[in-house]
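# Survey of secondary and tertiary structure
Residues per chain are reported as follows:
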Amino acid sequence: EFFRDPIEQWSLLRRRVLPEIKRRLIQEDIPILQAWSAGCCDGRETYSLALELQPLLSIIPSLKLNVIGTDINSQSLHTAKAGIYSLDERTIVEDNRLNAMFEHYGPSEFQDHQLYKIAAPIRGIVTFEQNSILSDWGEKSTSGIIFMCNMAMHLTKEAQHKIVQRLKDETSEG
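Residues numbered from 1 in each chain as written. Predicted model: local features only at pLDDT ≥ 70, side-chain atom pairs only at ≥ 80, totals over all residues. Heavy atoms only, no water.

### Focus: the sheet that holds strand β1 (residues 32-38)
Keep this limit in mind: At least two DSSP bridges between two strands are needed for those strands to be called paired. Strands are runs of DSSP state E lasting at least 2 residues, helices are runs of H or I lasting at least 4, and numbering of each runs from the N terminus. The axes are straight lines fitted to the C-alpha atoms, using for helices just the contacting stretch, and the angles between their N-to-C directions are given from 0 to 180°. Any two residues whose heavy atoms approach within 4.5 Å are treated as being in contact.
What the 4 strands build is an open sheet, ordered β6-β2-β1-β7; its pairing is parallel. Across the chains shown, the open sheet's two edge strands, defined by having one partner strand only, are β6 (126-130) and β7 (145-147). Within this sheet the neighbouring strands show an average axis-to-axis angle of 20°, counted without direction. Where β1 lies against β7, 3 bridges are found, and the strand directions are parallel. By the bridge assignment for β7, Ser37 is matched with Phe147. Those strands touched by helix α2 (residues 44-53) are β1, β2 (64-71), β6 and β7, and its axis lies near 165° from that of β2. Across the face of the sheet, helix α4 (residues 74-82) comes into contact with β2 and β6 while running at roughly 165° to β6.

### Describing the confidence of the model for the chain
Keep this limit in mind: Per residue, pLDDT captures the predictor's confidence, and it can take any value from 0 to 100.
Averaged over every residue, the pLDDT of the chain is 85; residues scoring 70 or more account for 89%. Of all helices and strands in the chain, the one with the weakest mean pLDDT is helix α5 (residues 89-94) (68), whereas α4 scores best (96).

### So, the sheet that holds strand β5 (residues 113-118)
With antiparallel pairing, the 3 strands of this open sheet are ordered in space as β3-β5-β4. In this open sheet, the two edge strands, each paired with only one partner strand, are β3 (84-88) and β4 (102-107). Along the sheet, successive strands turn relative to each other by an average axial angle of 40°, direction set aside. Of the pairings in the sheet, the one linking β4 to β5 comprises 5 bridges and is antiparallel in character. By the bridge assignment for β5, His104 is matched with Tyr116.

### Topic: the packing of helix α1 (residues 7-27) against α2
The test is simple: To sort the angles, those under 35 degrees are grouped as roughly parallel, those over 145 as roughly antiparallel, those from 65 to 115 as roughly perpendicular, and the leftovers as oblique. Each crossing gets its handedness from the near helix: less than a right angle anticlockwise from the far helix is left-handed, clockwise is right-handed. Three classes are used: nonpolar for Ala, Val, Leu, Ile, Met, Phe, Trp, Tyr, Cys and Pro, charged for Asp, Glu, Lys and Arg, and polar for all others, with Gly counted as polar.
At a minimum axis separation of 12 Å, α1 and α2 run at an interaxial angle of 30°. When the axes of α1 and α2 are compared, the pair comes out roughly parallel. In this structure, the crossing between α1 and α2 has a hand that is right-handed. Here α1 contributes Gln9, Trp10, Leu13, Arg14 and Leu18 to the contact with α2, which in turn contributes Glu45, Ser48, Leu49, Glu52 and Leu53. Partitioned by chemical class, the residues of the contact of α1 with α2 number 5 nonpolar, 2 polar and 3 charged.

Set out below in structure tokens:
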């Protein structure tokens, strides 16, 4: 689901992380913000993150925003890249964030559901690629924001510890 639990992660992003990132982008005149959604599965977390970050483009018009979703599963990435989801129409109407995120795409095979496609402004800042968080990070470790909530819950405690240690070693402070 979009904006998947735990709700605390999205609240923390809005209340504490985004104001600090906005301040640093402006004060330090940083031209690019990259956000990484590791273990993105079908892209819902990545698109949710993009929707949260998109208002920065209105505040800082010169900002280049890139939200990268990675997953090891090629089928999941295919779904993510397509950006078409079957959703209960009531969910769309009740959640203003989701209204801004979707364009109606057509009927769904499920009763009371319709197909929705991620809107062009959101798709324009999102890319997807195949990658394992347990191996090569490449330049993604320089991301200003790294989300891995969907993926972390499926890892062993040992793998979680390894990733957290690597984050400490490879990312900048802040």
